[in-house]
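Understanding the architecture of this molecule
In case you want the letters, here they are:
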Amino acid sequence: MTELGFRCDSVSHVFSNRSSDIEALKDVTFSAQPGEFICLVGPSGCGKSTLLRILAGLLEPTSGKIVFGNGATERPTTALVFQEHGVFPWMTVRENVAFGLEMQGVPRVERERRADDLLRDVGLSGFASSYPSVLSVGMRQRVGVARAFMSDVQLLLMDEPFGALDALTKRMMQEELLRLWRLHRHTLVFVTH
């Protein structure tokens, strides 16, 4: 899949309710080149997650625009990883990682081969047939990250995916994420606090 960069031009977002308006983002402007790793850092409530949801197409900006690739406003293929690991407890590790490929109609033998390759990359090949209930929190998070990297996407978004982990596991996962990014070179936007 072709890598795709993007540009945020004066992106703002206001959440409105009956009593007040909450300005979550105001005039955010920056760009990401194809295959680039961008890290958004800021305190809780500063709008990082709102921006990721806009990039993913889950929210529309109140004003401003996001331009993808060569000036197109059409959304790229995107994977979004949240702070909670979000693995399916009724699926094995391999099935969880290959889920996106299954939804794309990739034949079982091919998706299992690709899932096994990525599980080897994240150090979980010995757990391919295990269910998430036997995994540690960090291992389940690796399953979620592997599932995102498995998808043939142009833009990978991660919203504090390691926020619930202890300091040692978080450090290990950050190093693992960098290694995977170097291997796969998705355009990656990573949010941390």
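1. Some remarks on the nonpolar core
In globular proteins that are soluble, nonpolar side chains generally tend to be buried together. Judged by nonpolar contacts, the single largest core of 33 residues is most densely connected at Val 97, Val 145, Phe 149, Met 158 and Leu 177. Where this core is concerned, the elements lending two or more residues are strand E5 (78–81), helix H2 (93–103), helix H3 (108–121), helix H4 (137–150), strand E6 (155–159), helix H5 (167–184) and strand E7 (187–192). The greatest single-element share of this core, amounting to seven residues, is contributed by H4. When residues no more than four places from it in sequence are discounted, the contact partners of Phe 149 are Leu 118, Leu 156, Met 158, Leu 177, Leu 180, Trp 181, His 184 and His 186. Leu 25, Ile 38, Leu 55 and Leu 157 belong to the second-largest nonpolar core, a separate cluster that totals 19 residues.

2. Digging into the packing of H2 against H4
For the pair H2 and H4, interaxial distance at closest approach is 8 Å and the crossing angle is 30 degrees. Our classification of the angle between H2 and H4 gives roughly parallel. Crossing of H2 over H4 shows right-handed handedness. Residues Val 93, Asn 96, Val 97, Phe 99 and Leu 101 of H2 touch H4, and the partners they reach there are Val 143, Ala 146, Arg 147 and Met 150. When the residues that make up the contact of H2 with H4 are grouped by side-chain class, the tally is seven nonpolar, one polar and one charged.

3. Examining the pattern of salt bridges
Per the counting criterion, the structure on display carries nine salt bridges. When the shortest N-O distance is used, the salt bridge between Arg 113 and Glu 110 registers 2.9 Å. Of the two residues, Arg 113 and Glu 110 both sit in helix H3, three residues apart, roughly one turn of that helix. When its relative accessible area of 30% is taken as the criterion, Glu 110 is described as partly exposed.

4. Looking at H2
All of the buried residues along H2 are Val 93, Asn 96, Val 97, Ala 98, Gly 100 and Leu 101. Buried residues along H2 sit in contact with H3 and H4.

5. Re helix H1 (residues 48–56)
Within the span of H1, buried status applies to Lys 48, Thr 50, Leu 51, Leu 52, Ile 54 and Leu 55. Trailing H1 by a residue or two, Gly 57 shows a phi angle of about 85 degrees, which is positive.

6. Let's talk about the environment of Gln 33
Along the chain, the position of Gln 33 falls in the loop between strand E2 (21–32) and strand E3 (37–41). When the C-alpha positions of Gln 33 and Glu 110 are compared, they lie 31 Å apart, and in sequence the two are 77 residues distant. Discounting residues that sit within four places of it in the chain, Gln 33 has contacts with Gly 5 and Thr 187.

7. Describing the sheet that holds E7
Taking strand neighbours across the sheet as the criterion, the four strands line up as E3-E7-E6-E5 in an open arrangement whose pairing is parallel. Edge strands, defined here as strands with exactly one partner in the open sheet, are E3 and E5. Put simply, the sheet's adjacent strands are angled 15 degrees from each other on average, direction ignored. Each of E3, E5, E6 and E7 touches H1; the most contacted strand, E6, lies at about 155 degrees to it.

About the criteria used
- Residues numbered from 1 in each chain as written.
- Predicted model: local features only at pLDDT ≥ 70, side-chain atom pairs only at ≥ 80, totals over all residues.
- Heavy atoms only, no water.
- Core = buried A, V, L, I, M, F, W, Y, C linked by side-chain atoms within 4.5 Å.
- Buried < 20%, exposed > 50% of the residue type's maximum accessible area, 1.4 Å probe, protein only.
- Helix = DSSP H or I, 4+ residues; strand = E, 2+ residues; numbered from the N terminus.
- Contact = heavy atoms within 4.5 Å.
- Axes fitted to C-alpha atoms, helices over the stretch in contact; angles between N-to-C directions.
- Parallel < 35°, antiparallel > 145°, perpendicular 65-115°, else oblique.
- Left-handed = near helix turned anticlockwise from the far one by under 90°.
- Nonpolar A, V, L, I, M, F, W, Y, C, P; charged D, E, K, R; others polar.
- Salt bridge = Lys/Arg side-chain N within 4 Å of Asp/Glu carboxyl O.
- Pairing = 2+ DSSP bridges.

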